[in-house]
Amino acid sequence: VEQNRIKEASEYVEKILAKIKGLIINAEIFSGYVEMLYYGSLINIILDNREKAEGYLKSLEEVSSQFNEDWITNYLKASKSRFEEKFGELKEAIELMREARDAFSRSGYKLLAAQLSYELARMYHKNEEWEKSSAAIEDALSIFDKLNCTPFVEKCLRLKEMLNA
């Protein structure tokens, strides 16, 4: 997805989910399943495939209600946020993304929290909330820099430059 190979990413997600369906589920496979549902929804949101994105969201909602685990609920919130940003209400998208980001951050999922901070910065900017946008991009940049995630640092710097223009 980060390399703009969206169709390949979509095919990959579908292939992985098909493989998982035939496996005996353990904790590692289950977490991968939840992540693939999340990425499947994001990819289809990017592709403007609302129906398919809704299908992934529905699957995430079912898993979330079945297992009632915070980490699954937060993947669901992040996914719903991107869906709302694309097809619904930006203010709702911002709230969902902020909740997911804060929860992942409290749980120690630093890289994911930084990715969601980046997305939140974009959304705040769209909503003309300049200070919040700047703070969110600084949060993301700080974490990516500490984790030595060069591609994400560069992505943040590009967004920061765009936001300051």
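Presented here is a report on the structure given in the accompanying data block.

Here's the deal with the overall build of the protein chain
Phase 1 of the analysis: Regarding its fold elements, the protein chain presents 8 helices and 0 strands.
Phase 2 of the analysis: Each helix (α) and strand (β) of the protein chain, taken in turn from the N terminus, gives the series α-α-α-α-α-α-α-α.
Phase 3 of the analysis: The C-alpha atoms of the protein chain give 16 Å as radius of gyration, which agrees with the globular expectation for 165 residues (15 Å, within 12%).
Phase 4 of the analysis: Counting only C-alpha atoms, the protein chain reaches 50 × 35 × 30 Å along its principal axes.
Phase 5 of the analysis: For the protein chain, the share of sequence-separated contacts (at least 6 apart) that also reach a separation of at least 24 residues comes to 53%.
Phase 6 of the analysis: On the protein chain, roughly 9700 Å² of surface is accessible, and the fraction owed to carbon and sulfur atoms is 48%.
Phase 7 of the analysis: Counting 24 positive and 29 negative side-chain charges, the protein chain places the centres of these two groups 2 Å from one another.

Notes on the environment of Asp139
Phase 1 of the analysis: Its location among the elements puts Asp139 in helix H7 (residues 130-146).
Phase 2 of the analysis: Residues Asp139 and Cys156, spaced 17 residues apart in sequence, show a C-alpha to C-alpha distance of 9.9 Å.
Phase 3 of the analysis: Asp139 has contacts with Arg101 and Ser117, leaving out every residue within four places of it along the chain.

Comments concerning the environment of Tyr75
Phase 1 of the analysis: Within the secondary structure, Tyr75 sits in helix H4 (residues 70-87).
Phase 2 of the analysis: Exposure remark for Tyr75: the relative accessible area of 7% places this residue in the buried category.
Phase 3 of the analysis: Here the alpha-carbon distance between Tyr75 and Leu37, two residues 38 residues apart in the chain, equals 9.1 Å.
Phase 4 of the analysis: Not counting residues within four places of it along the chain, the set of residues in contact with Tyr75 comprises Val34, Glu35, Tyr38, Leu60, Phe104 and Leu112.
Phase 5 of the analysis: Of note is the side chain of Tyr75, whose polar atom sits 3.4 Å from the side chain of Glu35.

Regarding the nonpolar core
Phase 1 of the analysis: The biggest cluster of nonpolar side chains holds 51 residues, and the ones touching the most others in it are Leu116 and Phe144.
Phase 2 of the analysis: Discounting residues that sit within four places of it in the chain, Leu116 has contacts with Tyr38, Ala78, Met97, Ala100, Arg101 and Phe104.

Focus: the packing of aromatic side chains
Phase 1 of the analysis: Applying the stated rule across the entire model yields 9 aromatic pairs.
Phase 2 of the analysis: Taken together, a centroid distance of 4.9 Å and an interplanar angle of 65 degrees make the contact between Tyr38 and Tyr39 edge-to-face.
Phase 3 of the analysis: Among the aromatic residues, those joined into a cluster by ring pairs are Phe30, Tyr38, Tyr39, Phe67, Trp71, Tyr75, Phe104 and Tyr109.

Thresholds applied
Residues numbered from 1 in each chain as written. Predicted model: local features only at pLDDT ≥ 70, side-chain atom pairs only at ≥ 80, totals over all residues. Heavy atoms only, no water. Helix = DSSP H or I, 4+ residues; strand = E, 2+ residues; numbered from the N terminus. Rg over C-alpha atoms; globule rule 2.2 N^0.38 Å. Contact = heavy atoms within 4.5 Å. Areas by Shrake-Rupley, 256 points an atom, 1.4 Å probe, with all protein chains shown as cover. Lys, Arg positive; Asp, Glu negative; His and termini not counted. Charge placed at Lys NZ, Arg CZ, Asp CG, Glu CD. Buried < 20%, exposed > 50% of the residue type's maximum accessible area, 1.4 Å probe, protein only. Polar contact = N/O pair within 3.5 Å; in protein donor to acceptor, adjacent residues only side chain to side chain. Core = buried A, V, L, I, M, F, W, Y, C linked by side-chain atoms within 4.5 Å. Phe/Tyr/Trp six-rings, centres within 6.5 Å; stacked < 30°, edge-to-face > 60°.

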